[in-house]
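Listed below, chain by chain, are the residues.
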Amino acid sequence: MSQYTEAGSASAGTRAGTGAAPEPEPEATRRDTDDAESSRASRGWWDRNADDYQNEHGAFLGDDRFVWGPEGLDEADAGLLGPAESLKGLDVLEIGAGAAQCSRWLTGRGARAVALDLSHRQLQHALRIGGGVPLVEGDATALPFRDGSFDLACSAYGAIPFVADPVRVFTEVHRVLRPGGRWVFSVTHPVRWAFPDEPGPEGLSVSASYFDRTPYIEQDAEGRAVYVEHHRTVGDRVRDVVAGGFRLVDLVEPEWPAWNSQEWGGWSPLRGSLIPGTAIFVCVRD
């Protein structure tokens, strides 16, 4: 899931207990970038931070649970891919799968799931957990599958926020889906980019323009991006979906549930009760 931070570094810096010298904190900035730099930064960041990510969030994500975002909306309840009983026998591609928790849940419903991720280290965590899900290391902008290979595709905070041109991803997903296939993906709700990424009261006041699409970047001392996240408005996302060949059939904005007391970066019960944190786009390939 997304690690975007407006006010603080997304990078973890020195790893506790490693004995290594402190790493210089990257500089947080907003500047233009392209697909190549974004891809390099994302691969490196997730390879370096996969261990910490899974250690911190693994219990919430579970080994075989399908959660759409920090709010805890579960696919078992939401049925955005279709009723659970309808998944049996379907070919499903998960993009930006991380440790393949969602794919493992899909496999448990009888689907033939394939988990794709850019990060080798994230996929090593998928191997550690096990479950027999086929794992593919690859880029979402150039999917290594034949046309019409899948019935469904999904992505829970994977890939989409980290690519400069999301239409390239949508076009690729459209290519590998069969007619009538559903494509469902979740991202940070675009309105959140106008607010500081803080879980407390300081995260409730607008601090930037919602319409500023300049990417958020963390860069090293030589100016090389080590983390990149891209902003699109709600309207941009809708237009991108259509440009990729899809029909948008639903836009889900999960409300923060009373049972969820955890903070996850800038997501928290306080903010979640007032402003949306996640947007889930439900699309169909006609």
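Everything below is about the structure printed above this text.
Note that the structure is predicted; figures quoted are calculated from it, not measured.

Conventions we followed
Throughout, a residue's number is its position along its own chain's written sequence, starting from 1. Restriction of local features to residues with pLDDT of at least 70 applies here, the model being predicted, together with a cutoff of 80 or more for giving and counting side-chain atom pairs; totals for whole chains, interfaces and linings are based on all residues. Only hydrogens and water are removed before side-chain values are computed, so all heavy atoms of the structure are retained for them. Between any two strands, pairing holds if DSSP finds at least two bridges. The helix count covers DSSP runs of H or I at least four residues long, the strand count covers runs of E at least two residues long, and both are numbered beginning at the N terminus. Axes here mean lines fitted to C-alpha atoms, for a helix over just the part in contact, with angles spanning 0 to 180 degrees between N-to-C directions. Relative accessibility under 20% of the residue-type maximum defines a buried residue, over 50% an exposed one, and the middle range a partly exposed one, all with a 1.4 Å probe and only protein chains included. A residue counts as positive if it is Lys or Arg and as negative if it is Asp or Glu; His and the chain ends are not included. We define a salt bridge as a contact between a side-chain nitrogen of Lys or Arg and a carboxyl oxygen of Asp or Glu at a distance within 4 Å. Here a polar contact means two N or O atoms within 3.5 Å. Within protein one must be a hydrogen donor candidate and the other an acceptor candidate, and residues neighboring in sequence count only if both atoms are side-chain atoms. We call two residues in contact when some of their heavy atoms are within 4.5 Å. What counts as a ring pair is set by centres within 6.5 Å for rings of Phe, Tyr and Trp (its six-membered ring), and what kind of pair is set by the plane angle: stacked under 30 degrees, edge-to-face over 60, tilted for all other angles. Whether a charge lies above a ring is judged from NZ of Lys or CZ of Arg, which has to be within 6 Å of the ring centre and within 35 degrees of the ring normal.

Visitor: Now, about the sheet that holds strand 8 (residues 225-229): what can you tell me, with residues and values included?
Guide: Reading across the sheet, the three strands line up as 1-7-8 and stay open at both edges, with antiparallel pairing between neighbours. The outermost strands of the open sheet, each flanked by one partner alone, are strand 1 (27-30) and strand 8. Neighbour-to-neighbour, the strand axes of the sheet open up by a mean angle of 20 degrees, direction not taken into account. Of the pairings in the sheet, the one linking strand 1 to strand 7 (residues 216-219) comprises four bridges and is antiparallel in character. When the bridges of strand 7 are listed, Ala 28 appears paired with Glu 218.

Visitor: Which residues make up the side chain of Glu 94, and what values do they have?
Guide: By secondary structure assignment, the location of Glu 94 is in strand 2 (residues 91-95). Nearest to the buried, unbridged Glu 94 among oppositely charged side chains is Arg 104, at 7.9 Å. Only 2.6 Å separates the side chain of Glu 94 from the side chain of Ser 103, close enough to count as a polar contact. Not counting residues up to four positions away in its chain, the partners in contact with Glu 94 are Ala 100, Cys 102, Ser 103, Val 114, Ala 115, Leu 116 and Cys 154.

Visitor: Let's hear about the packing of aromatic side chains: which residues, and what values?
Guide: Evaluated as defined, the whole model comprises 17 aromatic pairs. Taking the centre distance of 5.2 Å and the plane angle of 85 degrees together, the rings of Trp 46 and Tyr 53 count as edge-to-face. These aromatic residues form a ring-pair network of at least three members: Trp 45, Trp 46, Tyr 53, Phe 60, Phe 162, Tyr 216, Tyr 227 and Trp 264. A cation over a ring is seen here: Arg 65 above Phe 60, with NZ or CZ 5.2 Å from the ring centre. Directly above the aromatic system of Trp 267 lies the positively charged group of Arg 192, at a separation of 4.8 Å from the ring centroid.

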